[in-house]
Amino acid sequence: MYQNYTKKLGVTQPLCQKIWLFMRLTAVLLLFSLMQVSAASFGQLISIKQKNVPLKTIFKEIRKQSGYDFVFARDAISDEVKTNISVQNVTVEVALKSALAGLPYRFEVSENRVTIKKAEKPSFFENVVHRFQAINVSAKVVDEHDQPIAGATVKIKRTNYGVITDGRGWFTLNGVDEDDIIIISNIGYDTKEIIAKGNYGLVKMSLANSKLDELQVIGYGTQSRRLGLGAVNTITSKDIENQPVTNVLAALEGLAPGLNITPSSGAPGAAIKVQIRGQNSLNQLSTGAKPYDQPLFIVDGVPVAAQNFNVNALNSLGGSDGTIGDLGGSSPFNGLNPADIESISILKDISATAIYGTQGANGVILITTKKGKSGKTKVQANVNTAFNTATRMYELLNTDQYLTYRREALKNDNINLATASPTTYPDLLLFDQNKNTDWFDYYLGKTSYTTNAHVSLSGGSERTTFLISTGYNKDKYNIPGDFANSRLTLHSNLNYATADNRFTVAFGFDYSYNKNNSASSSGITGGILTPPNFPDLLTDSETPIWSYNGYNTSQFVQYAANLKQPYVLKTHNMNNSLALGFRIIDNLKFNLNLGYSRILSDETRQIPKSTLNPNSNPTSSANFSNNVFETINIEPQLNYQRSFGRGIFNALLGGTYKKNNSSSVILNGTNYGDEALLGSIASAGAITVADSFNPYKYSGAFARFGYTYDDKYIFQVSGRRDGSSNFGPGRQFGNFGSASVGWIFSEEKLFKNALPFISFGKLTGSYGTVGTDATAPYRYQQLFKASTFIPNFQGIKPLYVQNLLNPDYGWDTKKSMNVAIDLGFFKDRFLLNVNHYRDRIGDQLVNFTVPSQTGFSSVLRNFGATVQNKGWEFSLTSKNIASSDFSWNTTFNISANRNKLISFPGLEQSSYAMLYSVGESVNIVKGYVLKGVNPQTGLFEFYKSNGATTSNPTYGIPSQGGDFQTIANLDPKFIGGLGNSFSYKRFNLSFMFQFQRKQQANYLRSIYSGTQPGGLINQPVNVLDRWTNVGDISTIAKLSTNFSLPAYYFGTSSGAYSDGSYIRLRTASISYLLPKVLCKKIGVSDAKLYMNGQNLFLLTNYEVGDPELTSLSSFPIQRTVAFGLTINL
Amino acid sequence: MKFIHLYKKLFVLAVISIAITTVSCKKLIEIPSNPSNQLSTARIYSDSTNIMSAVAAVYSNYGAAISGPQFGSGSITIYTGLTGDELIPGASTFVGNSFYTNQILPDNSTVRSMWSQAYANIFQMNICIEGITNTTAISAGLKSRLIAELKVSRAFYYFNMINIWGEVPIITSTDYNVTQVLPRSPVAEVYKLIVSDLIDAQQNLRPAYPSIGHARPNIYTAQALLSKVYLYLGEYQNAITAANSVITNGGFSLVQNLNNVFLDGSAEAIWQLPANSTSSQTIEGATFIPFSATSLPNYVITPKLLAAFETGDLRKTIWLNSSTVNVGGVLTPYYYPYKYQKTVAGQAPIEGYSLLRLAEVYLIRAEAMAQSDKLAEARADLNKIRLRANLGEVSSSVKEVVLNAISHERQIEMFCELGNRWFDLKRSNTINAVLSGKTGWIPSAALFPIPVAERQANPALTQNPGY
């Protein structure tokens, strides 16, 4: 009988309880605050916003606000008579008109009294008079900056007949009764009611108060959460600006359900992995590493040229993996200043992403930068300084402990120190036995500084707005040496509209320069494990000391020497966008979006001879690399919108053309004569060159039709045809489509009556298909290529065959389903969104493993395996307290994704049997099940597949005679975040916890990979729990200096994985707005002092190292505390 | 009115631009027919220069110019030297230990690299044979010559593979649908392919080398390899015939100065690849020669091999070298192979990578003669080699004695050279007797394991016993 051992590795009880307690506490606080009612204000002008409430209640409210008495017959108005009203700062008369619109009552106002009477049925004559009295109402609808609002819905309340405002914000309603109430609504604004009169002039809308009505940026447009169909989360500048991060992706952690953010390392400039709703593809790279499915990144309508892949080609401290287009190196988002970002939309389901077709198959992240606003020209400046320290520093053995531990290992191995060679055991026989260095502190103990400055200038007239901002940022590394990631950004945009608003232009230009100045090796943190009594690594003049009393010290001195090998990455990042809009006729608009994004990176890496062990006859070498990423996109669109009776119909017809180019050239110079010449490739003794070219073209045509009926029922269908150059002839095109529906059930009378405390309720569902083409170009041909490093054969340049031939691969297909419910309670103060989704990806396009006898290890083909991602997402926002002095808001989200391999024909017989099991996640780990350390022998023991115990398990899965079981699942079980923000007068306090429950490779895996405790290397103090004598119960096996198989097997056993759940205080921020008086004195319009902290605190059972990082030697995550000042001139 | 006119125009423009994106999709996603640094098969085989480049890759794939051991260069020498009785891991214990102790795990990455490197180059040979067979870009004469060259290479690879792994899949196609499920073929079947490839090659190659040096096979290269194959198969008369042709007609001669045997352009070389890496010379030179005269070599000659050299053998003084290492205060000499004497990077290589040389052909003929009871001829060939090493002649007329002397001579002359010793021990069935005293030796270690990953990818592959 097999047991499921993975269950043993979950969150241990205490942490579980803590999380539970924490959640309960939050819930109680939330409820308490909801009971509070905001204090009402009194006055002559009336403001009421109520839906479906008894008329009498409205009268009470008007009475309360105005002081007017109401007179009406007791039985004239029953409780069943209900009405809607939405007025702001209007007279009693207007309020009454609105409340009584469509109802059979009339009113009279005299003195301070309102008399309500039953309206008699109008006679025929009266009706005719009415007709003749009918008027035409026209007005211009504008926003708070007097900018016209096009496409706003205008309706007669009595009849529900409606029109849409034109491009200049104008509307005309014909045949309106003189006392009709007209309702004007638009996404992002509070609905406004006005009383009909001829020419109204300007109608000013005010920004929405409810979160539901805030504007969300979606694919090619905006929408409100109220009427939206897609699973979209929006993160605003408010959520980002109080996080002291350089890379905006780091700021997204914990802010949106279903969004998993994983830092590749804590080093400044390092890449950050992003995934939405789990891993869809099985695709295996030839290196064995799985490609990580990432969403499509778009900045201001322009796809980021490098997406979220490495921009570096060379190895460095900042970017561990120097493969272009891979993950884990330098982030392309270093070129984007978080201070320039207005909002980030995360598009998750097919309804939201369908418009991006195959490009958006793994979700879409839309980044919108700040735009100028008309009005007074504003200058804003922000300056801060931050202090960074390494988090999760762990304790290493000190010299006493280390020497004892080493002697014990030698004793276990029966090695007699007296006759041993001193150079074999230098720590025991040669080094100072009392010297004690904390090498963690030596390499990473430094506090580093970040400097950050940002200035923006914005303003404009009614028709033209602009914004220019510039930022400077310098993040230093907390390792010995003067290393930093610095950045200079320029952000600008210009918007123009003709007087009739018929023609609009939006132009954006962003340029940034990023310089990463670090050392040439990613493995410097390995130096942490230098034996504590190791002699000095460098002389006073900082040259490496390569030997100590005849012992070759290079094994550990090399780490320090690597810091003397300079590396510089210069990245130029340009993002240009031009959006032209032209209203052909009132209901039809043509848009043309043009985008160009270019990332150019230029690297040099130098390895001077003096930084290498002279024993190995080194020569100086240098690498130079130039990489270019370019994207051009052209997107013409026709947008048609008109109202049909009580509904609004819209159609979008468009096309996308995208051209992507990435290429790189790497020059390797070796055998330099003098290391002072390392900056020059021409001075190299020998040069090799490698280059790569990845052209990609994509085009798609799409149509989207939507119909919203009565603001209650929403329908949308979309279809598209995509073509990709990544596929061979006949396989290039694919057709995909989706349909979604929404029902705002809270608008139904029945529901309004039954559950009045629910202010908003919406059910949505979507289903659709999409394909992906994520693969390298040209693979449908058999290709030959010259090798980079191999010289000519007798003057002939050899051409090597590159791949197995399979011309027939095509799109893999994703079938995606999403259902969601949105609920608003107590006038939308408490909003809940729940999503349930299921994505299934079939026809997996994979580098399918084949035996090497075919000539290659894999062939690119579609494979009949299906991967499913299924999950739940919950998010809550709550305005707990909202008074003029004090407010408290809470946001909470949690999501759980379950990845599962649904089918995999022939899995057991394939090489994938070692990786996957049908019915389990594609992120499981297979290996041996650890029993523990045998108290008798001190060796690790494992369970065989038949349940027996062994120290020598068999490689392979049980059906192949091996002992492999599933030992871990690296998918997070759930992820989420809890944020609170408080403001009291001029103070603002906010903090955000982010949490994950997951399994993770633990420190033992690092310790036992390639080495084992007992060797000439230091270890965390945790290894002291080792087996020493017969009968000892311990976690660490008998110390030994020799290679041992059980120790080797341990690295792939269940013992190497443990609970990596954590709660992290991701962000905490305090700010203070300086008093107006003081501001005036210093000549600014307002000023804010703040202190922001990042990664301040971690609660975890993960023993050594950081649960967010993959290994003990990863560069630690930084704890940052920033102090700053923001000024508005 | 003018404005309306403009608007109309813009409307037309809008419709056209959307129409373009939708209708002519195919044009929009056209990319150049090949990436700037790669060529497709069709283009390769329609151009003579490209064909020569594709064939050149076969020779480069041997790895003589790559700075680490490859299947075609270094790996066979080093790893069979460890599994047999020639080498002990010195500084390179990490990779070497499991070979030396004959405890190779089925997932050993070095063994897997050797396997995949071998088949990768066989693929390059097969695709060249396929492409050249169908091309019209080159003359019929050049076609048959190139195919013949490729078949010599294919025979060389399969010959080494069966002597390392025993049965191996015979791959002669580039279609992965066919090749991915092929099981291991009996050794005899593989030999059949080797012999037929070499006979084909013999018929289509000329006495002159096709290019400078002795890098690409000529007729004698095919015959030399054929004689070796026949010897292994016990077809002694065929071995003698092939060797006779090489010795009599080939124009090769033994290089008398042992320091010069492995120099590029050596008169003894029948098949010698240029070692033109920028970072090292030959793999053997780079691997065996330590950084300094006082550092531990990566691999050390076994005491047994050291003792096997007769007194006065020049090969001991010239083809071995030693470094003196301070071990716990005692200065100890460590011997290492020194046939290849150059390690220094950055200068034009003066040594070449020897795949077949005349001395071996003499020993092949000597053995075949002895087996055919022509002891005088056998002794004559054997003594040519002994004479060069400054050793006395063998004069025995007893077949066993002569055979033993030849076997011993092979051990010394061919030590640490392409697995000859390891292969000899196996084909003579003396491996268990010879290695029985070695720690960890088990008879099943005579064959390397079939890599686990390969068996996972192709369940039709059986494993060798003992793994």
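Criteria and thresholds
- Residues numbered from 1 in each chain as written.
- Chains lettered and ligands numbered in written order.
- Predicted model: local features only at pLDDT ≥ 70, side-chain atom pairs only at ≥ 80, totals over all residues.
- Heavy atoms only, no water.
- Helix = DSSP H or I, 4+ residues; strand = E, 2+ residues; numbered from the N terminus.
- Buried < 20%, exposed > 50% of the residue type's maximum accessible area, 1.4 Å probe, protein only.
- Contact = heavy atoms within 4.5 Å.
- Expected span 1.5 Å × (residues − 1).
- Polar contact = N/O pair within 3.5 Å; in protein donor to acceptor, adjacent residues only side chain to side chain.
- Salt bridge = Lys/Arg side-chain N within 4 Å of Asp/Glu carboxyl O.
- Buried area = accessible area lost by both parts, 1.4 Å probe.
- Nonpolar A, V, L, I, M, F, W, Y, C, P; charged D, E, K, R; others polar.
- Axes fitted to C-alpha atoms, helices over the stretch in contact; angles between N-to-C directions.
- Parallel < 35°, antiparallel > 145°, perpendicular 65-115°, else oblique.
- Left-handed = near helix turned anticlockwise from the far one by under 90°.
- Phe/Tyr/Trp six-rings, centres within 6.5 Å; stacked < 30°, edge-to-face > 60°.
- Lys NZ or Arg CZ within 6 Å of the ring centre and 35° of its normal.
- Pairing = 2+ DSSP bridges.
- 1 Å grid on protein atoms, 1.4 Å probe; cavity = no way out; pocket = protein on both sides within 12 Å on 5 of 7 lines; lining within 4 Å.
- Points joined across faces, edges and corners; volume = space filled by probe spheres on them.

Enquirer: Sorry if this is basic, but what is going on with the overall build of chain B here?
Expert: What chain B contains, in helices and strands, is 21 helices and 7 strands. The buried share of chain B, reckoned over its 467 residues, is 57%. Taking the contacts inside chain B whose residues are at least 6 apart along the sequence as the reference set, 69% of them involve residues at least 24 apart.

Enquirer: Any chance you could explain unusual backbone geometry here in plain terms?
Expert: Note: most peptide bonds trans; most residues except glycine with negative phi. Residue and element names in this part refer to chain B. Non-glycine residue N102 carries a positive phi angle of around 55°. Within the element layout of this structure, N102 appears in the loop between α6 (93–100) and α7 (109–134). The class of N102 is buried, set by a relative accessible area of 5%. With a phi angle near 65°, D373 is a residue other than glycine that sits in the positive phi range. Residue position: D373 is located in the loop between α16 (358–371) and α17 (375–388). D373 sits in the exposed class, given a relative accessible area of 53%.

Enquirer: Any chance you could explain helix α4 (residues 48–61) of chain B here in plain terms?
Expert: Each turn of an α-helix holds 3.6 residues, which means side chains three or four residues apart point in the same direction. All names here are of chain B. For α4, built from 14 residues, the straight-helix expectation of 20 Å at 1.5 Å per residue is met to within 8% by its first-to-last C-alpha distance of 20 Å. Burial runs high along α4: 11 of the 14 residues are buried. When we look at burial in α4, the residues that qualify are N50, I51, M52, S53, A54, V55, A56, A57, V58, Y59 and S60. The opening residue of α4, the one whose side-chain oxygen lies 3.0 Å from the backbone nitrogen of T49, is D47. G63 sits one or two positions beyond α4 and adopts a positive phi of about 95°.

Enquirer: I would appreciate a short explanation of the pattern of salt bridges in the present structure.
Expert: Two side chains of opposite charge can pair, provided their charged atoms sit close to one another. All names here are of chain B. Across all of its chains, the model carries 47 salt bridges over all chains by this definition. A salt bridge links D197 to R154, with the nearest nitrogen and oxygen atoms 2.9 Å apart. Of the two residues, D197 sits in helix α10 (residues 187–204) while R154 sits in helix α8 (residues 140–165), which places them 43 residues apart along the sequence. Just as D197 is buried, R154 falls in that class too. When the shortest N-O distance is used, the salt bridge between R357 and E413 registers 2.7 Å. With R357 in strand β7 (residues 352–357) and E413 in helix α18 (residues 399–413), this pair connects stretches of sequence that are 56 residues apart. In this structure, R357 and E413 share a single accessibility class: buried. Salt bridges sharing common partners tie together E268, E310, D313, R315, K339, R357, R386, R388, E409, E413 and E417.

Enquirer: Whenever I open this one, the interface of chain A and chain B confuses me. Can you help?
Expert: Where the parts come together, the accessible area they lose is often given as the size of the interface. Contacts between the two partners involve 75 residues from chain A and, on the opposite side, 73 residues from chain B. Taken together, the two surfaces of chain A and chain B that pack against each other cover about 6,200 Å², and 66% of this comes from carbon and sulfur. Among the residues of chain A in contact with chain B, F784(A), F793(A) and Q853(A) are the three that bury the most area, contributing 14% of the side total. Counting across the interface, chain A meets chain B through 0 salt bridges. With 9 residues, strand β33 (residues 686–709) of chain A is the single largest residue contributor to the side of chain A that touches chain B. Classifying every residue of the side of chain A that touches chain B gives 38 nonpolar, 30 polar and 7 charged.

Enquirer: Please explain the packing of α8(B) against helix α11 (residues 219–233) of chain B as it appears in this structure.
Expert: Residue and element names in this part refer to chain B. Between α8 and α11, the shortest axis-to-axis distance is 10 Å and the interhelical angle comes to 25°. Looking at the two axes, α8 sits roughly parallel to α11. Where α8 crosses over α11, the two elements pack in a sense that is left-handed. Where α8 approaches α11, its residues V152, A155, F156, F159 and N163 are matched on the opposing element by T221, A222, L225, K228, V229 and Y232. The residue makeup of the contact of α8 with α11, split by class, is 8 nonpolar, 2 polar and 1 charged.

Enquirer: How do you make sense of the packing of aromatic side chains when you look at a structure like this?
Expert: The description of an aromatic ring pair rests on the distance of the ring centres and on the angle between the ring planes. If you walk through the whole model with that rule in mind, you get 79 aromatic pairs over all chains. With centroids separated by 6.3 Å and ring planes inclined at 85°, the aromatic side chains of Y220(B) and F252(B) adopt a geometry described as edge-to-face. Taken as a pair, Y220(B) in helix α11 and F252(B) in the loop between α12 (236–249) and β3 (269–274) lie far apart in primary sequence, 32 residues in all. F252(B) matches Y220(B) in its accessibility class, with the two residues each being buried. In this structure an aromatic cluster arises from ring pairing among F793(A), Y59(B), Y62(B), F71(B), W115(B), Y119(B), F156(B), Y157(B), W165(B) and W271(B). Residue placement shows R861(A) over the ring face of F848(A); its charged tip is 4.6 Å from the ring centre. A cation over an aromatic ring shows up here: K339(B) above the ring of F415(B), its NZ or CZ 4.5 Å from the ring centre.

Enquirer: Hey, could you run me through the sheet that holds strand β20 (residues 341–347) of chain A in this one?
Expert: Each strand in a sheet pairs with its neighbour through backbone hydrogen bonds, running either in the same direction (parallel) or in the opposite one (antiparallel). Residues and elements named next belong to chain A. Read from one edge to the other, the open sheet built from 5 strands follows the order β15-β20-β21-β18-β19, with strand pairing classed as mixed. Of all the strands in the sheet, just β15 (232–236) and β19 (302–303) have a single pairing partner and so form its edges. Sheet topology note: the strand β18 (residues 296–299)/β19 ladder contains 2 bridges and is antiparallel. Looking across to β19, one finds that I298 is bridged to P303.

Enquirer: Sorry if this is basic, but what is going on with the side chain of Q411(B) here?
Expert: Mapped onto the elements, Q411(B) comes out in helix α18. Those residues in contact with Q411(B) that lie beyond four places of it in its chain are D85(B), L305(B), A308(B) and R421(B).

Enquirer: So what exactly am I meant to see when it comes to the pairing of strand β30 (residues 588–607) of chain A here?
Expert: Looking along a regular strand, one sees side chains alternate from face to face of the sheet. Residue and element names in this part refer to chain A. Both strand β29 (residues 566–585) and β30 contribute to a ladder of 18 bridges, which runs antiparallel. Following the sheet pairing, H572 is matched in β30 by L600. Following β29, the chain reverses through 2 residues before pairing antiparallel with β30. Alignment of β30 against strand β31 (residues 620–644), held across 20 bridges, turns out to be antiparallel. Within β31, the residue paired with G595 across the bridge is N633.

Enquirer: Would you explain the packing of α11(B) against α16(B) in this entry?
Expert: If you want to describe how two helices pack, look at the angle between their axes and the distance between the axes. All names here are of chain B. Axis separation between α11 and α16 bottoms out at 10 Å; the angle between their running directions is 35°. In this structure, the crossing between α11 and α16 has a hand that is left-handed. Touching A224, S227, K228 and L231 of α11 are E360, V361, I364, E367 and A368, all from α16.

Enquirer: Is there a simple way to explain empty space enclosed by the protein in this structure?
Expert: If you roll a probe as big as a water molecule over the atoms, it shows you where there is empty space left. Residues and elements named next belong to chain A. One pass over the full model with this rule turns up 12 cavities of 30 Å³ or more. By volume, the largest cavity is sized at about 200 Å³. Forming the boundary of the largest cavity are 20 residues, of which V299, G335, L336, N573 and N575 lie nearest the centre. Mapped by element, the contributors of at least two residues to the lining of the largest cavity are β25 (484–497), β26 (503–519), β29 and β30.

Enquirer: Please clarify how the sheet that holds strand β11 (residues 192–195) of chain A should be interpreted in this entry.
Expert: Residue and element names in this part refer to chain A. Here we have 4 strands laid out as an open sheet, ordered β8-β7-β10-β11, and antiparallel in their pairing. Looking at the sheet topology across the chains shown, the edges are occupied by β8 (162–164) and β11. Sheet twist, expressed as the mean angle between neighbouring strand axes with direction ignored, is 25°. Pairing analysis gives 3 bridges linking strand β7 (residues 153–156) to β8, with the strands arranged antiparallel. Residue pairing for β8: K155 is matched across the bridge by G162.

Enquirer: Any chance you could explain the environment of A101(A) here in plain terms?
Expert: Inspection of the secondary structure puts A101(A) in the loop between α3 (92–100) and β4 (105–110). Between the C-alpha atom of A101(A) and that of S895(A), which follows or precedes it by 794 residues, the distance is 45 Å.

Enquirer: Hey, could you run me through the pairing of β7(A) in this one?
Expert: Residue and element names in this part refer to chain A. Of the two faces of β7, both are covered, the one formed by T153 and K155 as well as the one formed by V154 and I156. The turn linking β7 back onto β8 is made up of 5 residues, and N160 within it adopts a positive phi angle of 70°. Taken together, the 4 bridges between β7 and strand β10 (residues 181–185) define a ladder with antiparallel strand orientation. Within β10, the residue paired with V154 across the bridge is I184.

Functional significance is not addressed by these values, which are geometric in nature.
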